[in-house]
Amino acid sequence: TCDELEGYYNENNQITKMIAKKNVTIVKGTSIRATCQKTIYEQSSESLTLTENPELLQDGSVLSADSIVIHLQTNKSEATGNVRVKLVKQESKDKK
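Rules of the game
Residues numbered from 1 in each chain as written. Predicted model: local features only at pLDDT ≥ 70, side-chain atom pairs only at ≥ 80, totals over all residues. Heavy atoms only, no water. Phe/Tyr/Trp six-rings, centres within 6.5 Å; stacked < 30°, edge-to-face > 60°. Lys NZ or Arg CZ within 6 Å of the ring centre and 35° of its normal. 1 Å grid on protein atoms, 1.4 Å probe; cavity = no way out; pocket = protein on both sides within 12 Å on 5 of 7 lines; lining within 4 Å. Points joined across faces, edges and corners; volume = space filled by probe spheres on them. Helix = DSSP H or I, 4+ residues; strand = E, 2+ residues; numbered from the N terminus. Pairing = 2+ DSSP bridges.

> Please explain the packing of aromatic side chains as it appears in this structure.
How two aromatic rings sit relative to each other is set out by the distance from centre to centre and by the angle between their planes. Applying the stated criterion across every chain yields a total of zero aromatic pairs. Over the face of the ring belonging to Tyr 8 we find Lys 17, whose NZ or CZ atom lies 5.9 Å from the ring centre.

Set out below in structure tokens:
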């Protein structure tokens, strides 16, 4: 979700790029949630670039940086600039 969304299309009317601005929230599955103030989706690389206070939450752990790139095909992310990570140890469900 976001407050503003710009879409860019090719000559076949297919989306090539989208820019989401202001109060951006991205959810993938049940364990990944990202927030920021600006996200750029590039169809050619199937990636999201989060800027302006990006934060990525996954399984209780938090990643924040100046920029976070999420690669949608591989479920991997890259963070650059002032990177901060808070890891949360997950309790084993088998423990009693």
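> So what exactly am I meant to see when it comes to the layout of surface pockets here?
Taking a probe equal in size to a water molecule and rolling it over the atoms shows the remaining empty space. In this structure, the largest pocket spans a volume of roughly 280 Å³. Elements with a contribution of two residues or more to the lining of the largest pocket: strand E2 (15–28), strand E3 (32–42), strand E5 (55–58) and strand E8 (76–80). When residues in the lining of the largest pocket are grouped by element, the largest group, six residues, is from E2.

> Just checking my understanding: could you explain the pairing of strand E4 (residues 47–51) for this structure?
Each regular strand shows side chains that alternate between the opposite faces of the sheet. The pairing of E3 with E4 spans five bridges and is antiparallel. Within E4, the position partnered with Ile 40 by the bridge is Thr 49. Connecting E3 to the next strand, E4, in antiparallel fashion are four residues, including Glu 46 with a positive phi near 45 degrees. When E4 meets strand E7 (residues 67–71), the two strands line up antiparallel, connected through five bridges. From the neighbouring strand, Thr 51 faces E7, where its bridge partner is Ser 67.

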